[in-house]
Every structure is written in C-alpha cells, then in structure tokens.
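Secondary and tertiary structure notes
Here are the chains, one letter per residue:
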Amino acid sequence: FNTGLHDIDVLCSSKRQHTREKINITSEGESCAESYRQAMEQLVHVIDNFPAKLKVFRSTTAGWQKYGNYGFSWRANDMQPMSRSPHLAHHFNTIAYSIIQAQSNSIVITDGYWITLPRPDHTQISTKNQVGKHLVHPGYEVLSVFARRWYMMILWGLCGESFERCLSCIGG
C-alpha cells in the first residue's frame, strides 16, 4: 500500500480546502501533518490485521513539481498548486515510517522516495512535452525498478530462506 502525494494534496493544498470540509477529515486548527498521522495510524492498524502473507508499504515518490522538471513548456506565470520542494514528501514519509515501525512487525517498507528524488527528467511526460496534470508520477525507468523490487519481495515472501539461499548461490 502507498499513501502519499494524493493524500498530501487533499490534506495540505489550499485548492482542496472544500474537499477537506466536505469529507470532514481535519479538525479545526489541526495541521495537515497531524491529520495525515491520525489517518495513517488507522490505516496501519487495518493493514496489520489484514490476513495477507506479504504486506508492503511503499513510501511516496519525491514528486518533483514545476521547479524540478525539464523539457516542459511552463509559462512564467503558471502557478504550482503543490509544494515546490520534494522535501514535503520526505516529511510525510518520515511520519509513515515512524507509525509503521511503532505499530507493526508484519509490514515491510520499501522505498519510493530516494529512488525518485534524482530523476526530475524521468516523470510522466508526453511526446509533445505538454505539462499535463501528472508531473509527480515516475516514468518508465523508475517503474521498471519498482516492478523488479515487487517481484523480488513476492519471491522472498513466498520462498523465504530458500530464496535467500538461491540468491547467495547466484551471487557466488
């Protein structure tokens, strides 16, 4: 499971104030980080109790916004609705890590942040370099690595020590 940029958008963006009020997810005066913490605690509890062999939390991607993307046709007066820094995603990942580590022994954490931080030119783009709405989604290069990680975790989850012995044989 992953919770991150979309949640940060709903909880923190001034453009989403009406959404927060409509679904009643924040208390008056509560910070978006505290709202995220409370929702994450509930989610971890549900996932931790779910009967699955493998439970994985993938941290949210760095989410390079306007000021980190190359090859796009940003006009000088275009506004950026999200934070201009990918460090906001890191802050929320830190909250998620602390909750998972405190509440669960069965949820594995895999990285989605550090692997995407250095790739501002590998975001979801079009052949015409249109800006679009989805600049925060990683491109195929990163998704390929994510897929290989998932495959390895599934094999590790299914085969356990046998898989580790196999890897050590392959590695020499």
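Reference entry: report on the structure contained in this document. None of the values given here were measured: they were computed from a predicted structure. (Residues numbered from 1 in each chain as written. Predicted model: local features only at pLDDT ≥ 70, side-chain atom pairs only at ≥ 80, totals over all residues. Heavy atoms only, no water.)

**Focus: the nonpolar core**
One finds Y36, M40, V44, F57, I100 and I107 to be the most contacted residues of the largest nonpolar core, which totals 19 residues. Elements represented by at least two residues in this core include exactly α1 (5–12), α3 (32–49) and α4 (87–103). The greatest single-element share of this core, amounting to six residues, is contributed by α4. In this structure, V44 is in contact with I99, I100, Q103, S104 and I107, ignoring residues within four places of it in sequence. (Core = buried A, V, L, I, M, F, W, Y, C linked by side-chain atoms within 4.5 Å. Buried < 20%, exposed > 50% of the residue type's maximum accessible area, 1.4 Å probe, protein only. Helix = DSSP H or I, 4+ residues; strand = E, 2+ residues; numbered from the N terminus. Contact = heavy atoms within 4.5 Å.)

**Some thoughts on the packing of α1 against α3**
Here α1 crosses α3 at 130 degrees, and the two axes come no closer than 9 Å. By the angle between their axes, α1 is oblique relative to α3. Of the two possible hands of crossing, α1 and α3 adopt the one that is right-handed. Two secondary-structure elements touch here, α1 through D7, L11 and C12 and α3 through C32, S35 and Y36. Looking at side-chain class alone, the contact of α1 with α3 contains four nonpolar, one polar and one charged residues. (Axes fitted to C-alpha atoms, helices over the stretch in contact; angles between N-to-C directions. Parallel < 35°, antiparallel > 145°, perpendicular 65-115°, else oblique. Left-handed = near helix turned anticlockwise from the far one by under 90°. Nonpolar A, V, L, I, M, F, W, Y, C, P; charged D, E, K, R; others polar.)

**With respect to a nonpolar patch on the surface**
Residues Y151, M152, L167 and I170 make up a contiguous nonpolar surface patch of roughly 420 Å² in combined accessible area. Where the nonpolar patch is concerned, the elements lending two or more residues are α5 (140–159) and α6 (161–171). Locating I170 in the fold gives a position in helix α6. Here I170 falls in the exposed class, since its relative accessible area comes to 64%. (Patch = residues over 30% accessible without salt bridge, like charges linked within 9 Å, V, L, I, M, F, W, Y side chains within 5 Å. Areas by Shrake-Rupley, 256 points an atom, 1.4 Å probe, with all protein chains shown as cover. Salt bridge = Lys/Arg side-chain N within 4 Å of Asp/Glu carboxyl O.)

**Comments concerning the layout of surface pockets**
Reported here for the second largest pocket is a volume of approximately 240 Å³. The set of elements that each furnish at least two residues to the lining of the second largest pocket consists of α1 and α3. Per-element accounting of the lining of the second largest pocket gives the leading share, seven residues, to α3. (1 Å grid on protein atoms, 1.4 Å probe; cavity = no way out; pocket = protein on both sides within 12 Å on 5 of 7 lines; lining within 4 Å. Points joined across faces, edges and corners; volume = space filled by probe spheres on them.)

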